[in-house]
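Each chain is listed here by its residues.
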Amino acid sequence: MPVSKRRASCASDFSPSPPPPRSKKTKPASAIADFSAILTGDTEDDVALLPARTHAILYHKPLLLSRPQDVASLLAWFERVSDSRAMPWRAPFLDPAHHDPDKLKEAQKKRAYQVWISEIMLQQTRVETVKSYWLAWMAKWPSIHMLAAAPEEEVLAAWRGLGYYSRATRIHTAAKQVVADPELQGSLPQTPPELEKVPGIGAYTAGAISSIVFGQAVPILDGNVARVLSRQLGLYANPKAKATTDVLWEAARVVVEKAQEVKQGGATPGQWNQALMELGSTLCTPLKPACNECPIRASCRAHAEATLPASKGGVEDMEDLCKLCEPFPNDIKPEPAAKSEPKSKSGKKMRQATLSFGTFPSTEAKETARGSGDEALHAHVCKFPMKLSKKTIRTESCLVCIIRRPAGEYLLEQRPASGLLASMWQFPSLTLSTTEAGSTPAPPTPPTLAQIDDFAASLLGSKAAAQAHQRIGTIEHVFSHLHLTMHVYCLGLAKDVDLPAAKRKKEEGKARNFGSSLGDTATRRWADAAAVEAETMGTGMRNCWIAYQQQATTPAQAKTKPDKRKA
Ligand code: SF4
């Protein structure tokens, strides 16, 4: 799926992860213990003032816990706006108090299936795009039993355009498993620990199903919720660190429990979780948060920091200093730093100290940097959550060969069952060059005719002489981790050629590169244009086919563009 079509953050980014290797960025294990400990303590009233934002760990205790009126306010806001984006998978909570137990079980079974599919689709794609996919999916397979009985090819075809096809495969595997399980009999489990045993269901999806369908007071954490909570808590911590994720999950847990306690208008934990997500995707957006319309503005640390003048904040006991937050980037030009860095009582360096710690910029500098009104507010609030500098992604240049027999058939091959675009069909492709992430990519060089002929011969045998090479064009495709440049060529064969018998059936591990030459391990077949059209392909490969068809419909033009380069 192209990066541009992905949501700002993928939900799975926030799944609890194994501890990262120790590095300067790794927080001490005590960070989450410190955070859990403050949840029972008094709430910190002081605001962490700019420029230093000096604060204790207690500062991150969610103010929502001591402001039930704000919890009620967010739930009431969600009640008003929940239908405004017309999401077909949203439906009233199935309240056990108002349903016959037998009918309730069947209704929950269906609702859990619907929520599950919607959440997996939404992890990759915008709401507006998902609507039509979800409706088509439910029309085709209205129950988990029907999905379990569907051929895999059909499931992959229904997923076409959503990207990350392995998720469709996992949904299908999970459906078969849940239907075959003698205890579950097609019903998804109700609790996150049990749900997470189902293939493809992580902590986020488990929390969503459990809270939305079964009304359990369990947390969820996706990109939207993480942004809202980071701002609510004033947490400026490495988003990739396990300690940060753990703290956000813990914060999400305590606030959903608080929401259950408040129960504004009979609202359920699922409604609270959806309210947080809705707030993150409509008001508390990454670049232009509408704080003036926000129902939980009064409990927002980031908002409070932005509206108070810069001053020297204080923590009475430096031993209490927050160990989670990183030094805060100040827009204010620092005055010369003190020669020695400030130290705590124990003599350790203070984590939150910045160049400007303990110094005070001139009034003029403050006004220049912080601007006024919304601009200054956005500039401050949008620093949360902390951003890491973007790493460059891996690049790959590959040859894509559309090989055509005189009878009008095209050679297709199937990718391995695991790895990039698992089990998808493609035109034979050969990796020409790669550059690892972080290195300077070499300019993509087109293949030579000798490379193209050698590749075709490796697929079809030496007798498969090409009558014509036609250069179709160069197509760029960006995955989340890979920038791919595809040099697309059509080879018209002079005579029909049969495929050599496959020498090995066994697949050799995951295909890391897009254009891995699959050698004689791949399943290959000839397919006419209609069969190519109907085949399950990735978006990039589909674009190669579209580009070829566009040239094929203008043969006069195509004939004028044979590739006459020397091998
Ligand atoms: S006040 Fe602004 S930054 Fe804080 S939660 Fe609301 S929209 Fe987000």
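Refer to the preceding data block for the structure.
Values in this document were obtained by computation on a predicted structure and should not be read as measured data.

J.: Requested: an account of the pattern of salt bridges, with residues and values cited.
T.: For the coordinates displayed, the defined rule picks out 14 salt bridges. Note that lysine 131 is salt-bridged to glutamate 128, the shortest N-O span being 3.0 Å. Taken as a pair, lysine 131 and glutamate 128 lie in helix 4 (residues 127-140) at a separation of 3 residues, close to a single helical turn. Residue lysine 140 is joined to glutamate 154 by a salt bridge in which the shortest nitrogen-to-oxygen separation is 3.5 Å. A residue pair is termed long-range when its members are at least 10 positions apart, and lysine 140 in helix 4 and glutamate 154 in helix 6 (residues 152-159) qualify at 14 residues.

J.: Just give me the short version of unusual backbone geometry, but keep the residues and values in it.
T.: In terms of backbone geometry, most residues other than glycine have negative phi values and most peptide bonds are trans. Cis rather than trans, the peptide bond between phenylalanine 384 and proline 385 has omega equal to -10°. With respect to the helices, strands and loops of the structure, proline 385 is situated in the loop between helix 15 (373-381) and strand 1 (394-404). Even without being a glycine, alanine 86 presents a positive backbone phi close to 45°. Within the fold, alanine 86 resides in the loop between helix 2 (68-81) and helix 3 (101-122). Phi is positive for glutamine 185, close to 50°, though the residue is something other than glycine. Secondary-structure assignment places glutamine 185 in the loop between helix 7 (165-180) and helix 8 (192-195). On the basis of relative accessible area, glutamine 185 is assigned to the exposed category, the value being 51%.

J.: Mind laying out the packing of aromatic side chains, listing which residues take part and the relevant values?
T.: Enumeration over the complete set of coordinates arrives at 11 aromatic pairs. Relative to tryptophan 159, the ring of tryptophan 137 has its centre 5.8 Å away and its plane inclined at 80°; by these criteria the two rings are edge-to-face. With tryptophan 137 in helix 4 and tryptophan 159 in helix 6, the pair connects residues that are 22 residues apart, well separated along the chain. Tryptophan 159 matches tryptophan 137 in its accessibility class, with the two residues each being buried.

J.: So what's going on with helix 12 (residues 269-282)? Residues and values would help.
T.: Taking 1.5 Å per residue as the helical rise, helix 12 with its 14 residues ought to reach 20 Å, and the 20 Å between its terminal C-alpha atoms agrees with that figure. Among the 14 residues in helix 12, 11 count as buried, and that is most of the element. The complete set of buried residues in helix 12 reads Pro269, Gly270, Trp272, Asn273, Gln274, Ala275, Leu276, Met277, Glu278, Leu279 and Gly280. Packed against the buried residues of helix 12 are helix 2, helix 3, helix 9 (203-214), helix 10 (223-233) and helix 11 (242-262).

Rules and cut-offs
Residues numbered from 1 in each chain as written. Predicted model: local features only at pLDDT ≥ 70, side-chain atom pairs only at ≥ 80, totals over all residues. Heavy atoms only, no water. Salt bridge = Lys/Arg side-chain N within 4 Å of Asp/Glu carboxyl O. Helix = DSSP H or I, 4+ residues; strand = E, 2+ residues; numbered from the N terminus. Buried < 20%, exposed > 50% of the residue type's maximum accessible area, 1.4 Å probe, protein only. Phe/Tyr/Trp six-rings, centres within 6.5 Å; stacked < 30°, edge-to-face > 60°. Expected span 1.5 Å × (residues − 1). Contact = heavy atoms within 4.5 Å.

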